[in-house]
Each structure stands twice: as structure tokens, then as C-alpha cells.
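Chain by chain, the residues run as shown.
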Amino acid sequence: ILLGVSAEDEKADADFLAKKISAFRIFSDENRNMNLSIRDVNGSALVVSQFTLCADWRKGNRPGFSNAAKPEKANELYEYFMEELEKYEISVKRGTFGAMMDVHILNDGPVTFVLNSKGK
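The rules behind each value
Residues numbered from 1 in each chain as written. Predicted model: local features only at pLDDT ≥ 70, side-chain atom pairs only at ≥ 80, totals over all residues. Heavy atoms only, no water. Helix = DSSP H or I, 4+ residues; strand = E, 2+ residues; numbered from the N terminus. Rg over C-alpha atoms; globule rule 2.2 N^0.38 Å. Buried < 20%, exposed > 50% of the residue type's maximum accessible area, 1.4 Å probe, protein only. Contact = heavy atoms within 4.5 Å. Areas by Shrake-Rupley, 256 points an atom, 1.4 Å probe, with all protein chains shown as cover. Lys, Arg positive; Asp, Glu negative; His and termini not counted. Charge placed at Lys NZ, Arg CZ, Asp CG, Glu CD. Pairing = 2+ DSSP bridges. Right-handed = clockwise from strand over helix to strand, strands pointing away. Core = buried A, V, L, I, M, F, W, Y, C linked by side-chain atoms within 4.5 Å. Phe/Tyr/Trp six-rings, centres within 6.5 Å; stacked < 30°, edge-to-face > 60°. Salt bridge = Lys/Arg side-chain N within 4 Å of Asp/Glu carboxyl O.

> So what about the overall build of the protein chain? Which residues, and what values?
Along its length, the protein chain carries two helices and five strands. Taken over C-alpha atoms, the radius of gyration comes to 15 Å for the protein chain, in line with the 14 Å a tight globule of 120 residues would show. When each of the 120 residues of the protein chain is scored for burial, the buried share is 27%. Within the protein chain, residue pairs in contact and separated by at least 24 positions form 64% of the contacts whose partners lie at least 6 positions apart. On the protein chain, roughly 8,800 Å² of surface is accessible, and the fraction owed to carbon and sulfur atoms is 49%. Charge separation in the protein chain, taken as the distance between the mean sites of 16 positive and 18 negative side-chain charges, equals 5 Å.

Here it is as C-alpha cells:
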């Protein structure tokens with residue numbers, strides 16, 4: 001999970017996303033249909049803070065990051081979100097907030113979902 005925390009995000013946004021992700025049916029069943037949740041497959045989540053997801057790219061060719069939460073608030077909500085996921089009995093692995101990390105992702109097909117708590 002790449003988690004972007006915007007300046008306007010609150011704990012309610014983290015609550016919403018943790019609940020949604022815990023039940024989100026994106027894993028294949030025996031018929032190869034997306035029918036199972038992370039809990040159904042006894043999966044775990046790697047959560048990496050990714051402030052660039054909050055970039056405003058609409059003007060010019062250089063993204064702006066004024067929509068992203070300040071580091072103190074972002075880290076607080078990042079930690080809170082992971083704690084909420086764990087309440088749904090999901091094993092959570094943590095990235096290091098604010099660190100430069102090399103993250104290697106192996107996707108099962110070309111499947112990526114963007115969940116926005118403001119679009120609920």
C-alpha cells in the first residue's frame with residue numbers, strides 16, 4: 001500500500017481506508033474472479049508513505065506538493081492507519097517514514113487501485 005497523506009486528511013480518513021482495504025475483494029478465488037479480501041487469503045500489507053501521491057500536476061511540468069500533509073501530521077496518520085489495519089487482523093510491515101527506500105513490487109497482473117477517502 002502506497003499511502004499519501006494530504007494536508008486535509010484526518011483520522012476518519014485513515015479509519016475509512018483501513019476498513020475498506022480490509023474487506024476489499026481484490027484477490028482471486030478458485031475461478032480466478034476477484035472475490036477474496038486480504039483477510040480471506042491471510043495476506044499481509046507493506047505500507048509505504050508516499051507523499052508524491054498528493055502532488056498537484058495540473059499546471060506546468062513540475063509537480064507541486066503543497067497538498068501533502070506536513071511531515072509531523074503525515075507520520076502521525078501513517079502510523080495511525082497501520083494500527084487501524086492491524087485491528088482488522090492484518091499483518092502489517094512498515095516502511096520507514098521519510099526515508100529513501102528501494103521498493104520492489106511484483107504485481108499479479110496489471111492491477112492497481114487508487115482509493116481516495118475523499119471520494120467516498
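> Please provide a residue-by-residue account of the pairing of strand β4 (residues 44–49), values included.
Both strand β1 (residues 2–3) and β4 contribute to a ladder of two bridges, which runs parallel. Opposite L2, over in β4, you have V48 as the bridge partner. The handedness of the β4 to strand β5 (residues 91–94) crossover, carried by helix α2 (residues 71–87), is right-handed.

> Go over the nonpolar core, please, and point to the residues and values.
Ranked by size, the top nonpolar core spans 19 residues in total, and within it L3, V47, F81 and L85 carry the most contacts. Of all elements in the fold, only α1 (11–23), β4 and α2 reach the threshold of two or more residues within this core. Looking at this core element by element, the count peaks at seven residues for α2. If sequence neighbours within four positions are ignored, F81 has contacts with I1, L3, A14, L17, A18, I21 and V47.

> Break down the packing of aromatic side chains for me, with residues and values.
Counted according to the given criterion, the structure contains three aromatic pairs. With a centroid separation of 5.3 Å and an interplanar angle of 80°, the aromatic rings of F24 and F113 are classed as edge-to-face. Remark: F113 occurs in the segment after β5 and F24 occurs in the loop between α1 and β2 (27–28); sequence separation between them is 89 residues. The exposure class assigned to F24 is partly exposed, which follows from its relative accessible area of 24%.

> Describe in detail the pattern of salt bridges, supporting the description with residues and values.
For the structure on display, the rule yields six salt bridges. A salt bridge links E79 to R94; its shortest N-O distance comes to 3.7 Å. A residue pair is termed long-range when its members are at least 10 positions apart, and E79 in helix α2 and R94 in strand β5 qualify at 15 residues. When its relative accessible area of 30% is taken as the criterion, E79 is described as partly exposed.

> How would you sum up the side chain of D29? Please name residues and give values.
Residue position: D29 is located in the loop between β2 and β3 (34–36). With no salt bridge to any partner, buried D29 finds its closest opposite charge in R25, at an N-O distance of 7.9 Å.

Worth remembering: the numbers are spatial, not functional.
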